[in-house]
Amino acid sequence: MRPRQFDLIAFDWDGTLFDSTAQIVRAIQAAVSDVGGRVPSDEQAAWVIGMGLMQALAHVAPDVPPERYPLLGQRYQQHYLAQQHELTLFDGVLALLAELRQRQHLLVVATGKSRRGLDEALQSVQLQGVFDGSRTADETAGKPHPLMLHELMQTFDTAPERTLMIGDTTHDLQMARNAGCASVGVSYGAHDHAHFEALQPLHVAHSVAELRAWLAAHA
């Protein structure tokens, strides 16, 4: 077996492993409408996916006064949870993760979700035990700040050059750059991959199958 290039592989969650972009966009738009803000476009709502919740909502609803942010966050969570049962992993993700574990990579999640939200998602899709660790935006700094990756690398005693970040947004790829890590982008999530080039990912995968093939050959 070819030696591993990366010991630690960090995955974003929404839009990378979990097919949730459209539902998040709708939940953001509904929440902003509920509090009387100007409803963002699909593109504007998708752009903030991956950030911490309050950071994202403040950015996407600049006309909503700060004192209404807690209500905005509550309304977002209510709308999102109402449709959570519709969400699934992208086809091929379970096989991809199983193959990486067989190759003895350490697998972690680095996400803008809350700890509660990630734990519920992991349980609902029967992924308990697949990942070696995780960090969420409410327990560390949100993306693109590198603290999330720094903490994971410290936990698993892994150097930046042996760490790979995989994500669907520029926030993911910028976080990797900020942490001194390599990255791979996926084009089937929240952000237009035309914006990825400036952040120099090693590859942009257009499907889970293509991501799996690239990782088998290069990770």
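Just so it is clear, the model here is predicted, and its values are computed rather than measured.

> What is the right way to look at the pattern of salt bridges in this model?
Opposite charge on two side chains lets them pair, provided their charged atoms get close. Tallied over the entire structure, the rule returns 12 salt bridges. In this structure, D132 and R101 form a salt bridge, with 3.4 Å as the shortest nitrogen-oxygen distance. Within this pair, whereas D132 is found in the loop between α6 (115–124) and β3 (133–136), its partner R101 is found in helix α5 (residues 93–102), the two being separated by 31 residues in sequence. Of the charged contacts in the structure, one is a salt bridge between R115 and E139, with a shortest N-O distance of 2.7 Å. Taken as a pair, R115 in helix α6 and E139 in the loop between β3 and α7 (147–155) lie far apart in primary sequence, 24 residues in all.

> Got a minute to help me understand the packing of α5 against helix α9 (residues 208–218) in this structure?
Working note: a packed helix pair is described by the angle between its axes plus the distance between those axes. Running from amino to carboxyl end, α5 crosses α9 at an angle of 10°, the nearest separation of the two axes being 9 Å. The angle between α5 and α9 places the two elements in the roughly parallel class. Contacts between α5 and α9 involve V93, A95, L96, E99 and L100 on the former and, on the latter, V208, L211, R212, L215 and A216.

> Please clarify how the sheet that holds β3 should be interpreted in this entry.
With parallel pairing, six strands are arranged side by side in an open sheet as β3-β2-β1-β4-β5-β6. Whereas interior strands pair on both sides, the edge strands pair on one side only; in this sheet they are β3 and β6 (204–205). Pairing geometry for strand β5 (residues 182–186) and β6, over two bridges, is parallel. Paired with V186 across the strands is A205, a residue of β6. Taken strand by strand, α5 contacts β1 (8–11) and β2 (106–111), and its axis lies near 160° from that of β1. Seen against the sheet, α9 touches β1, β4 (163–167), β5 and β6 and runs at an angle of roughly 170° to β4.

> Please explain the nonpolar core as it appears in this structure.
Grouped burial of nonpolar side chains is what soluble globular proteins tend to show. Counting 54 residues, the largest nonpolar core has F11, W13, I28, F131, I166, L211 and L215 as the members making the most contacts within it. Sort the elements by how many residues they give to this core and helix α1 (residues 21–34) lands first, with six residues. Not counting residues up to four positions away in its chain, the partners in contact with I166 are I9, A10, F11, D12, T16, V184, V186, L211 and L215. Grouped together as the second largest cluster of nonpolar side chains are 13 residues, L8, V108, L152 and M165 included.

> Could you clarify how one ought to interpret helix α8 (residues 170–179) in this entry?
The α-helix winds at 3.6 residues per turn, so residues separated by three or four positions along the chain end up facing the same way. For α8, a buried count of seven out of 10 residues is recorded, marking the element as mostly surrounded by other parts of the structure. Every buried residue of α8 is accounted for by T170, H171, D172, L173, M175, A176 and A179. Looking at the buried side of α8, the elements it contacts are α2 (42–47), β2, α7, β4 and β5. With its phi angle positive at about 80°, G180 sits one or two positions after the end of α8.

> Any chance you could explain the side chain of Q23 here in plain terms?
By secondary structure assignment, the location of Q23 is in helix α1. Those residues in contact with Q23 that sit more than four places away from it in its chain are Q83, E86 and L87.

> Can you walk me through the layout of surface pockets in this structure?
Unoccupied space between atoms shows up once a probe the size of one water molecule is rolled over them. Of the volumes computed, that of the largest pocket is approximately 540 Å³. If you list the elements that add at least two residues to the lining of the largest pocket, you get α1, α3 (53–60), α4 (69–82) and α6. Grouping the constituent residues of the lining of the largest pocket by class yields 13 nonpolar, eight polar and six charged.

> I'm lost on the packing of aromatic side chains in this one. Help?
The way to describe two aromatic rings as a pair is by their centre distance and the angle between their planes. Per the counting criterion, the structure on display carries four aromatic pairs. Taking the centre distance of 5.3 Å and the plane angle of 35° together, the rings of W13 and F18 count as tilted. You can call W13 buried: its relative accessible area is 0%. Centre to centre, the rings of F90 and Y188 are 4.8 Å apart; their planes meet at 70°, and the pair counts as edge-to-face. Note that F90 is positioned in the loop between α4 and α5 and Y188 in the loop between β5 and β6, a separation of 98 residues in sequence.

What counts as what
Residues numbered from 1 in each chain as written. Predicted model: local features only at pLDDT ≥ 70, side-chain atom pairs only at ≥ 80, totals over all residues. Heavy atoms only, no water. Salt bridge = Lys/Arg side-chain N within 4 Å of Asp/Glu carboxyl O. Helix = DSSP H or I, 4+ residues; strand = E, 2+ residues; numbered from the N terminus. Axes fitted to C-alpha atoms, helices over the stretch in contact; angles between N-to-C directions. Parallel < 35°, antiparallel > 145°, perpendicular 65-115°, else oblique. Contact = heavy atoms within 4.5 Å. Pairing = 2+ DSSP bridges. Core = buried A, V, L, I, M, F, W, Y, C linked by side-chain atoms within 4.5 Å. Buried < 20%, exposed > 50% of the residue type's maximum accessible area, 1.4 Å probe, protein only. 1 Å grid on protein atoms, 1.4 Å probe; cavity = no way out; pocket = protein on both sides within 12 Å on 5 of 7 lines; lining within 4 Å. Points joined across faces, edges and corners; volume = space filled by probe spheres on them. Nonpolar A, V, L, I, M, F, W, Y, C, P; charged D, E, K, R; others polar. Phe/Tyr/Trp six-rings, centres within 6.5 Å; stacked < 30°, edge-to-face > 60°.

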